[in-house]
Amino acid sequence: ATPPVATCVTGSLSVILNSSGGATIAATDLDDGSFDNCDSQASLTLALSEDTFSCADQGTVNVDLNVTGTDGASTECTVPVVVVDNQAPNLTCPATASTNINSNGVRNLNNQQQIINQLLGQAPTDNCDVTLSVNVTSPLTCSDVGVQDILITAEDAAGNNVSCSITVTVNDLLVPTLLQCLSDPLVVNLSATTLQQNVTVDDFGAFTLTDNCAAESVASLSQTNFTCADTPAAAALVLTMTDPGNNQLTCSRPVVVDDGADPVAVCKPVLSTYSIPESGTLVLSSSDLA
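Caption draft 1: Fine view of the side chain of Asn127. Mapped onto the elements of the fold, Asn127 is located in the loop between helix H2 (112-120) and strand S9 (130-134). For Asn127, a relative accessible area of 10% translates into the label buried. A distance of 3.1 Å separates the side chain of Asn127 from the backbone oxygen of Asn18, its partner in a polar contact. Polar contacts involving the side chain of Asn127 include one to the side chain of Asp85, which spans 3.0 Å.

Caption draft 2: Structural context of the side chain of Asp36. Tracing the backbone shows Asp36 in the loop between helix H1 (27-30) and strand S3 (45-48). Notably, Asp36 is buried but unbridged: the nearest opposite-charge side chain belongs to Arg107, and the N-O separation is 69 Å. Of note is the side chain of Asp36, whose polar atom sits 2.9 Å from the backbone nitrogen of Cys38. If we skip the residues at most four places from it in the chain, Asp36 touches Thr2, Pro3, Pro4 and Leu44.

Caption draft 3: Quick look at the pairing of strand S20 (residues 248-258). Side-chain alternation along S20 places Leu249, Cys251, Arg253, Val255 and Val257 on a buried face and Gln248, Thr250, Ser252, Pro254, Val256 and Asp258 on a face that remains uncovered. For strand S14 (residues 186-189) and S20, the ladder comprises 4 bridges, and the chain directions are parallel. Counted as the bridge partner of Leu186 is Val255 from S20. One ladder, built from 8 bridges, connects strand S19 (residues 233-242) with S20; its direction is antiparallel. Pairing of Ala233 across the sheet is with Val256, part of S20.

Caption draft 4: A look at the nonpolar core. If you look at the biggest cluster of nonpolar residues, it comprises 23 residues, and the most contacted ones within it are Ile115, Leu119, Leu120, Leu132, Ile152 and Ile166. Where this core is concerned, the elements lending two or more residues are H2, S9, strand S11 (146-156) and strand S12 (161-171). One finds Ala23, Phe53, Leu65 and Val67 within the second-largest nonpolar core, a separate group that totals 19 residues.

Caption draft 5: Expanded view of a nonpolar patch on the surface. Together, Tyr274, Ile276, Leu282 and Leu284 make up an exposed nonpolar region whose accessible area comes to about 360 Å². For Tyr274, the position within the fold is in the segment after S20.

Caption draft 6: Representation of the packing of aromatic side chains in the model. Tallying each qualifying case throughout the model produces 1 aromatic pair. Aromatic side chains Phe204 and Phe207 sit 6.5 Å apart centroid to centroid with 80 degrees between the ring planes, which places their arrangement in the edge-to-face category. Phe204 sits in the buried class, given a relative accessible area of 0%.

Caption draft 7: Inspection of the sheet that holds S14 at higher detail. Overall, mixed pairing links the 4 strands, which are arranged S14-S20-S19-S17 in an open sheet. Taken across any chain shown, the strands that pair with only one partner, and hence form the sheet edges, are S14 and strand S17 (218-221). The mean inter-strand angle of the sheet, taken between neighbouring strand axes irrespective of direction, is 30 degrees.

Caption draft 8: Main features of the state of the cysteines. Applying the stated criterion across every chain, the model contains 5 disulfides. The disulfide partner of Cys93 is Cys164, and the gap between their sulfur atoms is 1.7 Å. For the disulfide bridge between Cys93 and Cys164, the dihedral angle about the S-S bond is near 60 degrees, and by the sign convention the bridge is right-handed. Of this pair, Cys93 sits in the loop between strand S6 (74-84) and strand S7 (96-100) while Cys164 sits in strand S12; the two residues are 71 residues apart in sequence, bridging distant segments of the chain. Of the two residues, Cys93 and Cys164, neither departs from the other in class, the shared state being buried. The side chain of Cys181 participates in a disulfide bridge whose partner is Cys251; the two sulfur atoms lie 1.8 Å from each other. Since a negative S-S torsion denotes a left-handed disulfide, the Cys181-Cys251 link at about 95 degrees is right-handed. Residue Cys181 is located in strand S13 (residues 177-181), and its partner Cys251 is located in strand S20; the two are separated by 70 residues in the primary sequence. Here Cys181 falls in the partly exposed class, since its relative accessible area comes to 27%. Cys251 sits in the buried class, given a relative accessible area of 1%. Along the chain, the cysteines engaged in disulfide bonds are linked according to the scheme 1-3, 2-5, 4-7, 6-9, 8-10 when indexed in sequence order.

About the cut-offs
Residues numbered from 1 in each chain as written. Predicted model: local features only at pLDDT ≥ 70, side-chain atom pairs only at ≥ 80, totals over all residues. Heavy atoms only, no water. Helix = DSSP H or I, 4+ residues; strand = E, 2+ residues; numbered from the N terminus. Buried < 20%, exposed > 50% of the residue type's maximum accessible area, 1.4 Å probe, protein only. Polar contact = N/O pair within 3.5 Å; in protein donor to acceptor, adjacent residues only side chain to side chain. Lys, Arg positive; Asp, Glu negative; His and termini not counted. Salt bridge = Lys/Arg side-chain N within 4 Å of Asp/Glu carboxyl O. Contact = heavy atoms within 4.5 Å. Pairing = 2+ DSSP bridges. Core = buried A, V, L, I, M, F, W, Y, C linked by side-chain atoms within 4.5 Å. Patch = residues over 30% accessible without salt bridge, like charges linked within 9 Å, V, L, I, M, F, W, Y side chains within 5 Å. Areas by Shrake-Rupley, 256 points an atom, 1.4 Å probe, with all protein chains shown as cover. Phe/Tyr/Trp six-rings, centres within 6.5 Å; stacked < 30°, edge-to-face > 60°. Axes fitted to C-alpha atoms, helices over the stretch in contact; angles between N-to-C directions. Disulfide = S-S within 2.5 Å.

Structure (C-alpha cells):
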C-alpha cells in the first residue's frame, strides 16, 4: 500500500500559554493539505505526537503530524511548535512596611519567602513560576536602619516582569547591654594656664557593652569641659551610647577636678593688737588675720 503524503505548514507554529499556564493545538493546526492517492482527504486520520503544553514546555517543541489512510499505511511530517508565555506576573505592594534587624545585626531578603514574609505579606501570582528580587543589597544591616525605598520585581521564566515600590522602615529594637562600667573616680586635672580642661570619650576609661549594632553606635558625654567651678568634686560624668535604632544605655563615673595648685595664704601686713578678756580666752577668726 502506498502511504498518504503528509504535508505540514511551513515554518513554525506559535502557541500562547493561557492564564492557567496551559495551551492545546489540533492536528488541523499543523496540516497543510495532506492527501492520499486513493482515499479522500476527509477519510484520512490525523494525529499529533503532542497536543498539550505547559509552562515546562516553553521554547521550541518538535511535534509530529501522523497521517494514516484507510488501508493503515501512514506517514508523518514535523513542525516546530514555539510555546510562549507573554503574561506578566501580578504583584501588589503595600504602601509601607516595616522589618526588624535581628540579634546578629542583619535582616535577610535573600529568597522569595523572606521577601513575602517581611515586606509583601502576600505572594505574587502568575500563570507560570515567578521569582522575586529586591533592588537593595541583602542582607539589610545596621547601617540600613531608618526609612528605605525598596523596589520589588517579580519575573517569570519568560522574562515577563512587573515591579512596585514599598517605603520600608528598618528597625533596630534591641537595647544595648552594659557589661562593665568603671566606678573609681575620674581625675580631671585643670590646665595651670587656662584653669579648664576638655574631656573626651577616650578619657572616660574602659567600658564594655553588647549590642547587635555596636559598631554603628555613637558615644557622647554629659559634660566635656571642666573649670574651677567644678572643683573639687563635680557631678558624675555620664557616658551615653546610642545605637542606630536610638536605643541607649548609660555608664556613670564619679569625677574629681584638681586645679593643680595649693591655696596661697596671705596674712595682714600689720600686726593687730588684741586684749585678752576677763575670761582669759581670746578667740580669733580667719578674717582677723587675712
